[in-house]
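# Coordinates in review
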Amino acid sequence: LRVTGVQTCALPIYRTFPAATTANPDATITAGVAQSFTIQAKDQFNNLKKIATEEAVVTLTGKTSNALIPATVVNNGDSTYSVSYTATVADVYEMSITLEGLCVTACVEPIKDFPMDITVKPAKMHAASTTASGAALADSISGEQSTFLISAMDVFGNSKTIGGDNFHVQLTGPSSMSALVTDLS
């Protein structure tokens, strides 16, 4: 068969095909909880690869904080890569997974369904990281209502965005009394 005037590119069957390669990270996670998932390399016919020789690169970039989360990627020597990371800053992150080394010249190709968003929610409330603010903390008048704000934080300094944490406020001085606590979320 002779074809003229047409450029062709042969894709060897052993080539990993990024558009068929898959990964399964959780889309919503909690700050400080170690995460792991697997990347499965496939060829252009959607067959599982016997071995993947390309370098898989995983990046997570905070959309608000611009925080970068380092991810560890291990080629398992078969057709899979193991990925692990731990996020501590609450934000929505763009996760990108690319395969490098697929071309003669430098190239990077994203895998199927990536980039995707990963939402990192604050961890549970941490009393020692929680703060209180407002003038009533320093100056209140006996018999008059005073208010101040309690800002619930997790151990990483992330503001809690959902209420429900229990707070008990005890006022002390010449006499003691309990205060009414209202959840504002």
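Residues numbered from 1 in each chain as written. Predicted model: local features only at pLDDT ≥ 70, side-chain atom pairs only at ≥ 80, totals over all residues. Heavy atoms only, no water.

### A few points about the side chain of Gln35
We count it as follows: A helix here means a DSSP run of H or I that spans at least four residues, while a strand means a run of E at least two residues long, and both kinds are numbered starting from the N terminus. Relative accessibility thresholds used throughout: buried, under 20% of the residue-type maximum; exposed, over 50%; partly exposed, between the two (1.4 Å probe, protein chains only). Pairs of N or O atoms are called polar contacts if they sit within 3.5 Å, as long as, within protein, a hydrogen donor faces a hydrogen acceptor (for residues adjacent in sequence, only side-chain-to-side-chain pairs). When checking whether two residues touch, look at their non-hydrogen atoms; a contact exists if any pair is within 4.5 Å.
Mapped onto the elements, Gln35 comes out in strand β3 (residues 35-40). Given the relative accessible area of 11%, Gln35 is considered buried. A distance of 3.1 Å separates a polar side-chain atom of Gln35 from the backbone oxygen of Val33. Residues contacting Gln35, with those up to four places away along its chain left out, are Asp26, Ile29, Val83, Ser84 and Tyr85.

### Things to note about the nonpolar core
Counted only if it meets this: Working definition of a nonpolar core: buried Ala, Val, Leu, Ile, Met, Phe, Trp, Tyr and Cys residues. They are joined through side-chain atoms within 4.5 Å.
Residues Ile39, Leu60, Tyr85, Met95 and Ile97 are the most contacted members of the largest nonpolar core, which totals 23 residues. Among the elements that take part in this core, strand β8 (residues 91-100) stands out by supplying four residues, more than any other. Setting aside residues no more than four positions away along its own chain, Ile39 makes contact with Thr21, Thr22, Ala23, Ala56, Val58, Ser79, Thr80, Tyr81, Val83, Ile97 and Ile111.

### Details of the pairing of β3
Keep this limit in mind: Only strands joined by at least two bridges in the DSSP assignment are considered to pair.
Taken together, the two bridges between strand β1 (residues 22-23) and β3 define a ladder with antiparallel strand orientation. In the sheet register, Thr22 faces β3, and the bridge partner there is Gln40. With six bridges connecting them, β3 and strand β7 (residues 80-85) associate as antiparallel partners. Bridged to Phe37 within β7 is Val83.

### A look at the sheet that holds β1
Reading across the sheet, the four strands line up as β1-β3-β7-β6 and stay open at both edges, with antiparallel pairing between neighbours. The strands lining the two open edges of the sheet, one partner per strand, are β1 and β6 (72-75).

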